[in-house]
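Here are the chains, one letter per residue:
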Amino acid sequence: MQPKTILRGRRICLAVLALLLLAMAGLALYLVCSTLSDPSTSFPWYTGVAVSACCFALPTAAVALAYGIFCAKAKKLGLDRSGDD
């Protein structure tokens, strides 16, 4: 793999990870607010956080693993500089 591809892959992984975390926070906020606004629901308010975390656990883990692989390859090639990301 070429150095530019490795560095680009790391940046893409970070961007996707940030988007996943934003989406997870948005879904959790929506579910918590909808639970709090409807008092007739039998679910506690933290159910929304748990559901959101479960939905996004696998994609977040996959992207984090890919980021780790790119970081390992960058370190192996000597491209690991703190100012790249």
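Keep in mind that this is a model prediction, so the values were computed, not measured.

### Digging into the environment of Met 1
Part 1: Position of Met 1 among the secondary structure elements: in the segment before helix 1 (3–37).
Part 2: Under the relative-accessibility criterion, Met 1 is labelled exposed at 58%.
Part 3: For the pair Met 1 and Phe 70, spaced 69 residues apart in sequence, the C-alpha separation works out to 9.9 Å.
Part 4: Setting aside chain neighbours within four positions, we find Met 1 in contact with Ile 6, Phe 70, Lys 73 and Leu 77.

### Looking at helix 2 (residues 47–77)
Part 1: Given a rise of 1.5 Å per residue, 31 residues ought to cover 45 Å, and the 45 Å separating the end C-alpha atoms of helix 2 matches this to within 8%.
Part 2: Considering bend angle alone, the principal kink of helix 2 is centred on Ala 57 and spans about 45 degrees; proline Pro 59 follows within four residues of it.
Part 3: Inspection of helix 2 places Gly 48, Ser 52, Phe 56, Thr 60, Val 63, Phe 70 and Ala 74 among the buried residues, and these make up the whole buried set.
Part 4: As for helix 2, its buried residues are in contact with helix 1.
Part 5: Just past helix 2, the residue Gly 78 takes up positive phi, approximately 80 degrees.

### A word on a nonpolar patch on the surface
Part 1: The grouping of Leu 36, Trp 45, Tyr 46 and Val 49 at the surface amounts to a nonpolar patch, some 450 Å² of accessible area in total.
Part 2: Inspection of the secondary structure assignment puts Val 49 in helix 2.

### Topic: the nonpolar core
Part 1: Core analysis: the biggest nonpolar cluster contains 10 residues, these being Ile 6, Leu 7, Cys 13, Leu 17, Leu 20, Phe 56, Val 63, Phe 70, Ala 74 and Leu 79.
Part 2: Counting only elements with at least two residues in this core, the list comes to helix 1 and helix 2.
Part 3: No other element matches helix 1, which puts five residues into this core.
Part 4: Val 63 has contacts with Cys 13, Val 16, Leu 17 and Leu 20, leaving out every residue within four places of it along the chain.

### Examining the state of the cysteines
Part 1: With the rule as written, the count across this model stands at zero disulfides.
Part 2: With no disulfide of its own, Cys 55 lies 7.0 Å from the sulfur of Cys 54, the closest cysteine sulfur.

### Considerations on the side chain of Thr 60
Part 1: Summarising the element assignment, Thr 60 is placed in helix 2.
Part 2: In this structure, Thr 60 is in contact with Leu 17 and Leu 20, ignoring residues within four places of it in sequence.

Cut-off values and rules
Residues numbered from 1 in each chain as written. Predicted model: local features only at pLDDT ≥ 70, side-chain atom pairs only at ≥ 80, totals over all residues. Heavy atoms only, no water. Helix = DSSP H or I, 4+ residues; strand = E, 2+ residues; numbered from the N terminus. Buried < 20%, exposed > 50% of the residue type's maximum accessible area, 1.4 Å probe, protein only. Contact = heavy atoms within 4.5 Å. Expected span 1.5 Å × (residues − 1). Bend = angle between axes of the 7 residues up to and from the residue. Patch = residues over 30% accessible without salt bridge, like charges linked within 9 Å, V, L, I, M, F, W, Y side chains within 5 Å. Areas by Shrake-Rupley, 256 points an atom, 1.4 Å probe, with all protein chains shown as cover. Salt bridge = Lys/Arg side-chain N within 4 Å of Asp/Glu carboxyl O. Core = buried A, V, L, I, M, F, W, Y, C linked by side-chain atoms within 4.5 Å. Disulfide = S-S within 2.5 Å.

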